[in-house]
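Structural overview for review
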Amino acid sequence: SAYSFPQQHTMQHWARRLEQEVDGVMRIFGGVQQLREIYKDNRNLFEVQENEPQKLVEKVAGDIESLLDRKVQALKRLADAAENFQKAHRWQDNIKEEDILYYDAKADAELDDPESEDVERGSKASTLRLDFIEDPNFKNKVNYSYTAVQIPTDIYKGSTVILNELNWTEALENVFMENRRQDPTLLWQVFGSATGVTRYYPATPWRAPKKIDLYDVRRRPWYIQGASSPKDMVIIVDVSGSVSGLTLKLMKTSVCEMLDTLSDDDYVNVASFNEKAQPVSCFTHLVQANVRNKKVFKEAVQGMVAKGTTGYKAGFEYAFDQLQNSNITRANCNKMIMMFTDGGEDRVQDVFEKYNWPNRTVRVFTFSVGQHNYDVTPLQWMACANKGYYFEIPSIGAIRINTQEYLDVLGRPMVLAGKEAKQVQWTNVYEDALGLGLVVTGTLPVFNLTQDGPGEKKNQLILGVMGIDVALNDIKRLTPNYTLGANGYVFAIDLNGYVLLHPNLKPQTTNFREPVTLDFLDAELEDENKEEIRRSMIDGNKGHKQIRTLVKSLDERYIDEVIRNYTWVPIRSTNYSLGLVLPPYSTFYLQANLSDQILQVKYFEFLLPSSFESEGHVFIAPREYCKDLNASDNNTEFLKNFIELMEKVTPDSKQCNNFLLHNLILDTGITQQLVERVWRDQDLNTYSLLAVFAATDGGITRVFPNKAAEDWTENPEPFNASFYRRSLDNHGYVFKPPHQDTLLRPLELENDTVGILVSTAVELSLGRRTLRPAVVGVKLDLEAWAEKFKVLASNRTHQDQPQKQCGPSGHCEMDCEVNNEDLLCVLIDDGGFLVLSNQNHQWDQVGRFFSEVDANLMLALYNNSFYTRKESYDYQAACAPQPPGNLGAAPRGVFVPTIADFLNLAWWTSAAAWSLFQQLLYGLIYHSWFQADAAEAEGSPETRESSCVMKQTQYYFGSVNASYNAIIDCGNCSRLFHAQRLTNTNLLFVVAEKPLCSQCEAGRLLQKETHSDGPEQCELVQRPRYRRGPHICFDYNATEDTSDCGRGASFPPSLGVLVSLQLLLLLGLPPRPQPQVQVHASRRL
C-alpha cells in the first residue's frame, strides 16, 4: 500500500487536537480561574498598591544622594585635616625607623614567612601587634582603635621620606575615628599618599597574595582619578636600529605599565617611529583607554621590531597631529606626548615651534630607556621646554615608579587652582582590594599648602588622595526590592554609560587591578531606544519612555519580546543617573493586610512541614524577612530557621519586614485554598502529570503532591526562576523542557521522573487595575505524553481505539504513530529546544537544542523564518586561565658578563654592572616579575580564572505565524516538511520526512555560547558609544613653575655596596632591595 506525506489540513487538524489537549489539562489542573476566585474571595486581606515610576526614581535618587553626601562630608573633613597636619609638620632629616610606631599591615604575613627580608634585619621594633574582631560589614577582621599602613614592596620603609610621611599621617587616626563616630555606616577610609604609602582605617591585616604584593596605591583607579584631570596621551616609541634587545624589552614593558595608569576617562594612542611613524595597532586616532582597547595596545606593542634610523621629527609630528584631530571624541583636557627612546642628538625645535609654542598646550615627557652612553641633554631640553619632565629607566626595577611619576606634574594646575579644584569625584565600579566586593569610591585630592620660605611661591605638589568606599550592596539596599515584581528593576549608570547598579551586573571574576566596566548596552540587549535612553541619562536629563524590546531569559536560553516602561532621573551632586524599568503588568502590586491574628496563625500552619503530606510541599523564597533570620542555601533548613524565628517574634515585630512577612503568610493561605478547591480531588495520573504547582510574588512555591518536591529543581525564589519570569512576559502556556547540557550524558529515564514544566501567569483584574501576582502550572510525565503526542497526531481518535491499517488497494496518508519509521513529528519550543518527539530514541534528547538532533531540519526552519537569531556578547564570563605566555621583559634577557669582566675592576664600577645587579636583584626578588602580567601576584595562576568574553546565541520565533509546507531541497535526499505554531503556547509543531541519506548536512546552527574576542575592536572605535567626561578640567595655570623638569639623577654606585651585593648573591641570602626610588628633592617638604 502506498503512504503519502500527510496533507496540510490533516496536520492542521492534529495541531488543533494538541492545542485542545494542553488547554484541557491546564483548565482542569492549572486552576487559573479558581485562583482568581480565591483572590477575590480574600479581597479584604490585601490592598492594591501602585508603583508610580516618577516618584519612585526620585525617592531612590534622593536616598542615594544623601547616602553619598554623608560620605562627602567625611571626605572633606579628612582632606582639610590632612592639609593642616602636613602644614604643621616639621621635616626631620635624621628621623629613624625606631622613632615611628605604626601597624604595618603586611607585618603579620612577613612574620609568618621565614624568607622575608625583614626578619633577618630584626626591625620589628616599630610595628604594633594588634588584635582583631570579625566585622560582617567589612567581611573582615578589623581593629577600630588603629589605622593600618601598607607600603609597596619596591619602596624602602626606612627612607627619610617614608618615615616623615608616616610621622605626619599618624594624626589622621583621630579624624578617621571621629568620622566613624558621626557616621557608623562608613566603610574603608583611605589616604593614598603620593609617596606610595597607604594609610587606611579601620586596621586590618593586608590581604597578601601568595607570591609578591604588587599593590601600589598610586596605580589604583580611584587614586589616578582623584590625582589628575582626564588625559589625551600619545605614546611614541623609538624603534630605530640602535635600540638593543634588552632596551626594546624595557620599552615594551614601560609602555604596558604606562597604559595601566590610564582610566576610562582618558584617551590614548601608541605609535612607533624610526625614519617615519606608524601606529602600533589598528587604531588610527586617539581611543578611550578602556580595558579592551588597552589590551589591543599591549598585544600590539609586543610585536615592535627595531630597525632603521632615529627620526624624532617623524614621531613628534605624528603625535601632534593626533592631538590636533578634533573630529573624534576625546578627553579634551591634559594633552601630552610620552616619548620612549634610547637617546639621540636632535632637539626638533622646529616641530615644537610649529605645533606647541608659545602656548605650550601639550606637555612633553621624555624617557631615556636602558644603559647607554648617549648625551641625554636633548631629551632633558625637550621636556623642560614643553612643561614636561625627563625620566630615566635604566633597568626593570625603575619602570613602575617612573611610569607613574608624571601624574605629579599633571597635578600641579590642580593644586594651584586651590579650593575650586577640591571637588569630590565618584569612580567607576571596581573590586575592593580588602575584600568588600564591588565598590565605588569618592575621592578628594589633598594639596601641599606649605611654602618653601617667607614670600616664596606656593607649593604645587599634590600630597595624595583621600578615598571613602561605598559598597554597591549598600546602594542596592536603597532600591525597592520586591514591589517591582519579578521583571521590574532599578539600574544606575555613570558618564561613561557603565552600570553601577543592574541586575545583570554580576562579574564572574574580578581582577582587582581593573575597574568593572559593563556598559548599559551590554548589560541588556542593545537597541535604538536604549541608546537614546542611555544618552539622555548621561546628559543628566529626566525622562520616561515605553518601549518594545528584547529580553534574555534568566537561564540565557530564550529571548522574549516584551513591553517595558523606562523612567530615569539624575542623582544630584554625583555623575550618576538612575533608571527604573517596569513591565506594564507590574504597575500594581498586592500588599497583604493580615491584621487578624487568628488568621495569621491559621495560614502560618500551612508552612509547617507537618502539613506538607496533605497540602503539598512549600518552598519559601530566601528573602530577608527578619534581621535575625539565618540564611541558608538549603531551603528545608531555611524554612526550619524561619519557623523557629516566627515562634519567637510576631509578623508585626520591629525587626521584621512586615510587607514581606504578611505577603508570604497570605500567599501560604491562598495557595493552600487552591489545593483544597482544585488539586486534592483530582487524580494526576489520569492525565500523566508528575506534579502541579503554584508560585507567587509573595515568595511561596507550592508543589503538589509532596513527593514531587524531591525532583523539583526550580529556584525557590520565584523572582529568580526562569519559568516564573517567562510566564509573566508571555501569554498562554509556556513549556520548559529540562535543561540539558550537550556535555552531560542524556537524560536518565529509569524512574519516569523526567518532567516538562508547563506554566502560565494568573492575571487579576480588580476594578480597573490588572496585575499578575502568581504563576501556576503542571509538570508532564515525558514518556506518557510522548505516547499521547503520537496518538493525537495520528488518525486514531483516542488511545483505546485500534490503529487503522491501510488496505492493500488503499491510498493512505502517513501519521506520526503508525509511520514513525518514515515520519518525524516533534514539538520544539520558542528557543529551538526539543520538547516531544514521536521517535522513542529521541526521548533522552528532550531539552537539547534541535540542531543537535536534526541539524538539517533546524536549518530549514531558520531559513524559512520560523526562527530568528539574536547574537550578543557576555563580557563578564570567566574562563579557565590560558597558560601564561612569555611577555618578555623578565630578567632572562640580561647581559651576561664573562669571567674576564668579573676580573676587571673598571667593569665593576661601570653602569652595565650596576644595571646587571639591579636585574639580578629584581630577578631574585621578583622571580621574573612581569612574566605573566602579574597573574602570579594575585594568587596561583593555575587556579585563578580570568575574565573573558563569551558570544551567546539565542533563537526565538520569527515573524511567520501561518503553517506551511516546504521542501528541503537536496537532490535525491530532498525532504518535505510542515511546520505550524500551536496557538496559546510557545511551541512549534513540525512534521517531516525522515532523512533518507546523510550527505545533506548543509550546516549546523550553534546555540551554545562560544569563546570570543568580542566584536572587532578596530571597527568599534570607529563608532564609539556616546559618553561624557567629568565636568571639570584642570590642565593649565599661569603661575605654574615648570623649572622642575627632571635632571636625571643617576648616582654612581659605591664599590663596597656592589661587592657586598655580589657576596649576598653568591651566598644565596635573600638580598634587601636597595631603594630603587629616586624621590625628587621636591618631595622634601
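Reading the values: rules and limits
- Residues numbered from 1 in each chain as written.
- Predicted model: local features only at pLDDT ≥ 70, side-chain atom pairs only at ≥ 80, totals over all residues.
- Heavy atoms only, no water.
- UniProt positions renumbered as here; feature names shortened; annotations may be inferred.
- Helix = DSSP H or I, 4+ residues; strand = E, 2+ residues; numbered from the N terminus.
- Buried < 20%, exposed > 50% of the residue type's maximum accessible area, 1.4 Å probe, protein only.
- Contact = heavy atoms within 4.5 Å.
- Areas by Shrake-Rupley, 256 points an atom, 1.4 Å probe, with all protein chains shown as cover.
- Pairing = 2+ DSSP bridges.
- Axes fitted to C-alpha atoms, helices over the stretch in contact; angles between N-to-C directions.
- Polar contact = N/O pair within 3.5 Å; in protein donor to acceptor, adjacent residues only side chain to side chain.
- Salt bridge = Lys/Arg side-chain N within 4 Å of Asp/Glu carboxyl O.
- Phe/Tyr/Trp six-rings, centres within 6.5 Å; stacked < 30°, edge-to-face > 60°.
- Lys NZ or Arg CZ within 6 Å of the ring centre and 35° of its normal.
- Parallel < 35°, antiparallel > 145°, perpendicular 65-115°, else oblique.
- Left-handed = near helix turned anticlockwise from the far one by under 90°.
- Nonpolar A, V, L, I, M, F, W, Y, C, P; charged D, E, K, R; others polar.
- Core = buried A, V, L, I, M, F, W, Y, C linked by side-chain atoms within 4.5 Å.
- Domains from an automatic or database assignment.
- Disulfide = S-S within 2.5 Å.

As recorded by an unreviewed UniProt entry, the protein chain carries the name Calcium voltage-gated channel auxiliary subunit alpha2delta 2 and is attributed to Saimiri boliviensis boliviensis. Of the comments in the UniProt record for the protein chain, the one headed Sequence similarities (unreviewed entry) reads "Belongs to the calcium channel subunit alpha-2/delta family."

Let us now look at the overall build of the protein chain. Helix and strand counts for the protein chain stand at 31 helices and 39 strands. Burial status across the protein chain gives 59% buried among its 1085 residues. If you take every contact in the protein chain between residues at least 6 apart in sequence, the share linking residues at least 24 apart comes to 74%. Accessible surface, the protein chain: about 45000 Å² in total, of which carbon and sulfur atoms supply 49%.

Read across the open sheet, the six strands follow the order E25-E27-E26-E30-E29-E28; overall the sheet is antiparallel. Two strands lie at the open edges of the sheet, namely strand E25 (617-620) and strand E28 (734-736), each paired on one side alone. Going across the sheet, the axis of each strand differs from the next one's by a mean of 20 degrees, ignoring polarity. Judged from the four bridges that link them, E25 and strand E27 (residues 700-704) form a sheet pairing that is antiparallel. Bridging across to E27, Phe 619 finds its partner in Thr 701. Across the sheet, helix H1 (residues 8-30) touches strand E26 (689-696), E28, strand E29 (755-766) and strand E30 (769-781), and the angle it forms with E30 is around 110 degrees. Against the sheet, helix H24 (residues 722-729) contacts E26, E28, E29 and E30, and its axis sits at roughly 125 degrees relative to E30.

With respect to the secondary-structure elements, Tyr 390 resides in strand E14 (residues 389-393). By relative accessible area, which is 2% here, Tyr 390 ends up buried. Along the primary structure Tyr 390 and Gly 1046 are separated by 656 residues, whereas in three dimensions their C-alpha atoms are 4.6 Å apart. Side-chain polar atoms of Tyr 390 contact the side chain of Glu 392, separated by 2.9 Å.

Let us now look at the pattern of salt bridges. Overall, the coordinates contain 42 salt bridges when judged by the stated rule. Taking the shortest distance from any N to any O, the salt bridge between Asp 216 and Arg 218 comes out at 2.9 Å. Across this residue pair, the class does not change: Asp 216 and Arg 218 are buried. Salt-bridge contacts for Asp 474 lead to Arg 477; the nearest nitrogen and oxygen are separated by 2.5 Å. On the basis of relative accessibility, which here comes to 59%, the residue Arg 477 falls in the exposed class. Counted as one network, the salt bridges with shared partners bring together Asp 519, Asp 522, Glu 526, Arg 534 and Arg 1025.

Here we take up the packing of aromatic side chains. This structure, assessed with the given rule, holds 43 aromatic pairs. Plain terms: the ring middles of Phe 491 and Tyr 566 are 6.3 Å apart, the flat faces sit at 70 degrees to each other, and that makes the pair edge-to-face. Of this pair, Phe 491 sits in strand E19 (residues 489-493) while Tyr 566 sits in strand E22 (residues 559-570), and the two are 75 residues apart along the sequence. In terms of burial, Phe 491 and Tyr 566 fall into one category: buried. In this structure an aromatic cluster arises from ring pairing among Phe 316, Phe 320, Phe 352, Tyr 355, Trp 357 and Trp 381. Seen from the ring of Phe 833, Arg 557 lies directly overhead, with NZ or CZ sitting 3.8 Å from the centre.

Time to look at the sheet that holds strand E39 (residues 1010-1012). Reading across from one edge, E34-E35-E39 is the order of the three strands in this open sheet, with antiparallel pairing throughout. Every other strand in the sheet has two partners, leaving strand E34 (867-879) and E39 as the edge strands with one partner each. For this sheet the average axis-to-axis angle between neighbouring strands, irrespective of direction, equals 35 degrees. Contacts from helix H26 (residues 855-863) reach E34 and strand E35 (946-957), with the element oriented near 110 degrees to E34.

Viewed as axis vectors pointing N to C, helix H3 (residues 53-88) and helix H7 (residues 172-182) meet at an angle of 165 degrees, and their least axial separation amounts to 10 Å. Regarding the angle of H3 to H7, the classification is roughly antiparallel. Where H3 crosses over H7, the two elements pack in a sense that is right-handed. The segment H3 lies against H7, with Ala 74, Arg 77, Leu 78, Ala 81, Ala 82 and Phe 85 engaging Leu 172, Val 175, Phe 176, Asn 179 and Gln 182. Each residue belonging to the contact of H3 with H7 can be placed in one class, and the counts come to eight nonpolar, two polar and one charged.

For soluble globular proteins, the rule of thumb is that nonpolar side chains tend to be buried together. Within the largest apolar cluster, 67 residues are counted, with the highest numbers of intra-cluster contacts made by Leu 35, Leu 689, Phe 735, Leu 827, Leu 836 and Phe 989. Among the elements that make up this core, the one with the highest residue count is H1 (eight residues). Formed jointly, this core draws a minimum of three residues from each of two domains, domain 1 (11-51 + 589-742 + 751-797 + 813-819) and domain 5 (825-877 + 947-1011). Dropping the residues within four chain positions of it, Leu 836 is found in contact with Ile 756, Leu 782, Trp 785, Ala 786, Phe 789, Cys 825, Val 826 and Leu 827.

With that out of the way, let us pick up H24. Across the eight residues that make up H24, a large majority, seven, are buried. Where H24 is buried, its residues contact strand E21 (543-552), E22, E26, E28, E29 and E30.

What follows deals with the side chain of Asn 641. Inspection of the secondary structure assignment puts Asn 641 in helix H22 (residues 635-646). A residue is classified by how much of its surface remains accessible, and Asn 641, at 14% relative accessible area, is buried. Excluding its chain neighbours within four sequence positions, the residues that come into contact with Asn 641 are Leu 629, Asn 630 and Ser 632.

The next subject is the state of the cysteines. Counted according to the given criterion, the structure contains five disulfides. Note that Cys 282 is cross-linked by a disulfide to Cys 1018, the S-S spacing being 1.8 Å. Classification of the bridge connecting Cys 282 and Cys 1018 rests on its S-S torsion, roughly -85 degrees, and on that basis the disulfide is left-handed. In this pair, Cys 282 is assigned in the loop between strand E10 (277-279) and strand E11 (287-288) and Cys 1018 in helix H30 (residues 1017-1020), connecting sequence segments 736 residues apart. With relative accessibility at 22%, the residue Cys 1018 sits in the partly exposed group. Each sulfur of the disulfide joining Cys 333 and Cys 1033 lies 1.9 Å from the other. Taking the sign of the S-S torsion, about 95 degrees here, the bridge from Cys 333 to Cys 1033 comes out right-handed.

A separate point is the packing of H1 against helix H25 (residues 782-792). Contact geometry for H1 and H25: axes closest at 9 Å, N-to-C directions at 140 degrees. When the axes of H1 and H25 are compared, the pair comes out oblique. Facing H1, whose interface residues are Trp 14, Arg 17, Leu 18, Glu 21 and Val 25, H25 presents Trp 785, Lys 788, Phe 789, Val 791 and Leu 792. Here the residues of the contact of H1 with H25 are counted per class, giving seven nonpolar, no polar and three charged.

Another point: unusual backbone geometry. As a rule of thumb, non-glycine residues mostly have phi less than zero, and peptide bonds are mostly trans rather than cis. Residue Pro 202 is bonded to the preceding Tyr 201 through a cis peptide linkage, with omega at -10 degrees. Put simply, Trp 357 and Pro 358 share a cis peptide bond, and its omega is 0 degrees. Here Pro 358 lies in the loop between helix H12 (349-355) and strand E13 (362-369). Despite not being glycine, Ser 573 has its phi angle at roughly 60 degrees, a positive value. When you line up the elements, Ser 573 lands in the loop between E22 and strand E23 (577-582). Not every positive phi belongs to a glycine, and Ser 688 is a case in point at roughly 55 degrees. Of note, Ser 688 is situated in the loop between helix H23 (658-679) and E26. Note on Ser 688: relative accessible area 16%, which makes it buried.

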